[in-house]
Amino acid sequence: MSPQPQHASDPASRVAELRARIEDANRRYHGLDAPDITDAEYDALVRELEALEAAHPQLASTESPTRKVGAAPAGRFPPVVHAVPMLSLGNAFDDEEVADFVRRIRERLDREDLAFSAEPKLDGLAISLRYEDGAFVRGATRGDGATGEDVTANLRTIAAIPHALQGRGWPQVLEVRGEVYMARADFERWNEQARLHGGKVLANPRNGAAGSLRQIDPTLTARRPLSFFAYGIGQVEGGTLPDTHSGTLARLREWGFPVSELATVVHGVEGLLGYYRGIGEARDGLPFDIDGVVYKLDDYAGQREMGFVSRAPRWAIAHKFPAQEQTTVVESIEVNVGRTGAVTPWALMQPVQVGGVTVTRATLHNADHVARLDVRAGDTVIVRRAGDVIPEVVQVVADRRPPDAQPWSMPMVCPVCGAEVVREDGAAVWRCSGELSCPAQRVQSVFHFASRRAMDIDGLGERYIESLSELGYLQDVADLYRLTIEDLLEMKRRADERDGTTPAALAKSGVKAGKVASKWADNLIEAIDRSRDTTLARFLFALGIEHVGESTAKALAQWFGDLELIRRLPWPLFKRVPDIGGEVARALGHFLDQPGNQQVIDRLLERGVRIGDSHPPHPKLGEALDLATLLVDLEIPKVTAIRAAQLGTAFADAQALLDAPVHNLVTAGLPAETANALVAWLEDEAHAGVLLRGAQAQAELRARLPARPAQAAGPLEGKTVVLTGTLSAMGRDEAKDRLEALGAKAAGSVSKKTSFVVAGEAAGSKLAKAEELGIEVWDEAKLLAFLERHS
Ligand code: IVH
């Protein structure tokens, strides 16, 4: 394990050492929101100090951190003296300590049946909220328990905290206490954004909540996604509350405070332990971090009788869960190569129990994250594992670094294929440039291609893909479509050999190896064959293009309708699809610009992949196929929508713009600065190229758009039709579509304006109405004949 600091041997020095260490930890945790030890380590230090003070009463002191709560405020906000001190809680770490807690109360109160309020112990920041005549007037942190900090302005930005109490019956002065916290999903989302855009990455939700509340500028707090749960009360004047804690929680709920749904009343030790186990099982799935549960004697009379010891009540205790953060030592920093070539660092660590699970690997997210934390092999680090999230390294314990630890840097070449590792301008992600020549990317891309929502090839697991790739059967996804049964059997034979599942072993277990394998191969070939018939959306998604998820693929398919068209479009045109922005458009354009990728698509089509749902582009695309839109979509520095519109009117087409000297741009009404920026941009050949390709693509799209009814009037132009009854050859919707395609307008009811009615089987009132008004009626045969003639 990690080198531990040497302990002083005599009790007095050890007590002094522990007090200094705990006070420092308090200051870091409460004052600076930058703890350097885990909660579990902190608890252990406090326990050791408590034990020493108990064994050596001469060493006890009212100044000891065992008698105090938190840390004195750092002075950034005005002080608030708590009318009722904000206390801490004693801890129980096992069943026996819980039983002791109950026994102490039973003996002192001389009562058998004890009711407790059992609640989750949220991991956030304790605060006090003061309401006068129902209005929120002041909010404060706990501080050292006696004096906290006035953070009213920040608390007002939290939506879960009521500005005015609801309902009725509240005391004139009511102080509500509870925990400000950050929900896990909000925390993950926040950090994801911070890692992408270089903001402040939070170590854990608790730090996120605490740091946010202590911002001087409330607008910064407002931006952080904070929540609140009420769990108790402080000062109460001019009114009464129920005589139990659970009754009070119910009232708080009525008055508009969020109170945890998980709070409940239980009886005796068994009730408490049952609650603990239940919440423990639910813990990973909860939307917020909890570090334990809290048991509180439910009746206030009993609470008063029990009273307090130094900093904690005798009527309540926190029963802790295994910590979600632990310290361990990083053995090495490795990288993983994903489907899109993203090279992501992760830490291989000495095994450690985190939240009840053994952890040996933790993500380091990206190179920037490693640099920010300055994690090195040999470092002692804090790892966090909460919920279903992958364990991550959140902090380095600086003073435990071995002197020879070397800073980490991203490998220059891919560890899997040896291709150069590169980073795009401004991006956080490093990528292996090997693309499909990289086995790691190849396996991941085939796995994605075959997945259910992509090409849906059942029975092709990752292990088989690896083996096929290793044996040279799969260079890229197109090779799937030339696999033979023999290839599969050969691969399986070798893979089984390698894994020790020999035919002999199979035979021994009574399985007829040969037959089983050939059935498997038959099925797989059939599944591959079935996947050949697909849709444009599935196909685009299956290609595994960065940022092109299922919904983007669907939108592309819907708007452009045709693979060949999409393959030729330069990136700015993709931005014409609602919800597709610059980042996605560029990623897609980049993918299509790679000749290797285009060849893979060619081979897929040659080997029989058929896209069954091609159609003309969406008519709405026609609305913005002009030079001005293209210039805006190209994201040229200084060329705003207004400037682009000016250029759009001044120049006939992209070529004319390219040929124009600077002064022409100025005559077109552009400020000199914009004109210069545009000229500088156009000097880059790649830029000029994409502008011209964009203009050509616009022209092609225009040509492909479905003809507008006004331009090519259909035979039913100006006619209004009503469809009624059941048609046998096609659905009513299809009939309606086809009539509309010929220019008709379909209406829902028959009137004098109706041109004719199509009546199928069992037509009812609409047919009667048509007959009554003397409107022409078509039967199905007449409709079919008409459609036949005009298709
Ligand atoms: S009761 C005198 N209830 O835990 C009673 N505290 O270690 C004091 N906490 O400062 C608190 N959830 O920040 C209570 N349901 C809950 C709690 C809770 C979280 C925190 C709170 C308190 C600390 C004590």
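Along each chain, numbering runs from 1 in the same order as the chain's sequence is written. Residue-level local features of this predicted model are given only where pLDDT is at least 70; pairs of side-chain atoms are given and counted only at 80 or more, and the full residue set underlies all totals for whole chains, interfaces and linings. Note: side-chain values were computed over all heavy atoms of the structure, leaving out hydrogens and water.

If a single non-hydrogen atom of a residue is within 4 Å of a molecule or strand, that residue counts as near it. The local shell around the ligand holds 13 residues, among which Glu119, Arg142, Glu179, Tyr231 and Lys296 are the closest. The definition of a polar contact used here is a pair of N or O atoms within 3.5 Å, where within protein one atom must be able to donate a hydrogen and the other to accept one, and adjacent residues in sequence count solely through side-chain atom pairs. Measuring from an oxygen atom of the ligand, one finds a side-chain N or O atom of arginine 142 at 2.9 Å. Only the protein chains shown count as cover for residues, and all accessible areas are computed by the Shrake-Rupley method using a 1.4 Å probe. For the ligand, whose accessible area on its own is 520 Å², the fraction buried by protein is 88%. A class-by-class count of the residues in the shell around the ligand yields eight nonpolar, no polar and five charged. Charged means Asp, Glu, Lys or Arg here, nonpolar means Ala, Val, Leu, Ile, Met, Phe, Trp, Tyr, Cys or Pro, and polar covers whatever is left, Gly included.

Helix length check: helix H9 (residues 268-282) (15 residues) gives 22 Å between terminal C-alpha atoms against 21 Å at 1.5 Å per residue, within 8%. Burial classes follow relative accessibility: with a 1.4 Å probe on protein chains only, a residue under 20% of its type's maximum area counts as buried, one over 50% as exposed, and anything between as partly exposed. Elements are defined by DSSP. Helices are runs of H or I of four residues or more, strands are runs of E of two residues or more, and each kind is numbered from the N terminus. Turning to H9, its buried residues are Gly268, Val269, Gly271, Leu272, Leu273, Tyr275, Tyr276 and Ile279. Those residues of H9 hidden inside the fold are in contact with helix H3 (95-109), strand S3 (115-122), strand S9 (264-267), strand S10 (290-297) and strand S13 (316-320). Take the residue count of a helix, subtract one, and multiply by 1.5 Å to get its expected span. For this analysis, residues touch if any pair of their heavy atoms sits within 4.5 Å.

Only the stretch in contact is used when fitting a helix axis, every axis being a line fitted to C-alpha atoms; angles between N-to-C directions are given from 0 to 180 degrees. Contact pair helix H26 (residues 672-683) / helix H27 (residues 685-704): the axes reach a minimum separation of 5 Å and the direction vectors enclose 95 degrees. When the axis of H26 is compared with that of H27, the two are roughly perpendicular. Seen from H26, the contacting residues are Trp681, Leu682 and Glu683; seen from H27, they are Glu685, His687, Ala688, Val690 and Leu691. Of the residues belonging to the contact of H26 with H27, the class tally is five nonpolar, one polar and two charged. Should an angle fall under 35 degrees it is called roughly parallel, over 145 degrees roughly antiparallel, and 65 to 115 degrees roughly perpendicular, with every other angle called oblique.

This brings us to the confidence of the model for the chain. Confidence of the prediction at every residue is given by pLDDT, a number between 0 and 100. Across the chain, the average pLDDT comes to 89, with 95% of residues at or above 70. Confidence drops under pLDDT 50 across residues 1-5; counting only partners more than four residues distant or on other chains, this segment forms seven contacts.

Along the chain, valine 389 turns up in the loop between strand S17 (380-384) and strand S18 (392-396). Taking C-alpha positions, valine 389 is 9.4 Å from arginine 184, a pair spaced 205 residues apart along the chain.

Take the sheet that holds S9 next. Two strands pair if DSSP finds at least two bridges between them. Pairing in this open sheet of five strands is mixed, and the strands run S2-S13-S10-S3-S9 from one edge to the other. In the strand order of this sheet, the two ends are held by strand S2 (90-92) and S9, each with one partner. Taking each pair of neighbouring strands and ignoring which way they run, the sheet shows an average axis angle of 35 degrees. Direction of pairing for S3 relative to S10: antiparallel, over a ladder of seven bridges. Counterpart to lysine 121 in the pairing with S10 is glycine 292.

Formed by 86 residues in total, the largest nonpolar core has its most connected members in Ile457, Leu460, Leu556, Phe560, Phe574 and Leu604. Apart from the residues within four sequence positions on either side, isoleucine 457 is in contact with Ala450, Leu480, Tyr481, Leu524, Ala527, Ile528 and Ser531. Counting residues in each nonpolar core, the second largest holds 31 residues, with Val98, Leu114, Leu122 and Ile290 among its members. Buried Ala, Val, Leu, Ile, Met, Phe, Trp, Tyr and Cys residues form a nonpolar core when they are joined through side-chain atoms within 4.5 Å.

Looking now at the packing of aromatic side chains. Only Phe, Tyr and Trp rings take part, Trp by its six-membered ring, and two of them pair if their centres are within 6.5 Å. Stacked means planes under 30 degrees apart, edge-to-face means over 60, and tilted covers everything else. One pass over the full model with this rule turns up 13 aromatic pairs. Relative to phenylalanine 257, the ring of tyrosine 131 has its centre 5.3 Å away and its plane inclined at 85 degrees; by these criteria the two rings are edge-to-face. Of this pair, tyrosine 131 sits in strand S4 (residues 125-132) while phenylalanine 257 sits in the loop between helix H8 (245-254) and S9, placing them 126 residues apart in sequence. Both residues of the pair, tyrosine 131 and phenylalanine 257, count as buried. Measuring from ring centre to ring centre gives 5.5 Å for phenylalanine 229 and phenylalanine 288, while their planes differ by 85 degrees; the resulting arrangement is edge-to-face. You can see phenylalanine 229 sitting in strand S8 (residues 227-237) and its partner phenylalanine 288 sitting in the loop between H9 and S10, a full 59 residues away along the chain. Summarising the burial analysis for this pair, phenylalanine 229 and phenylalanine 288 share the class buried.

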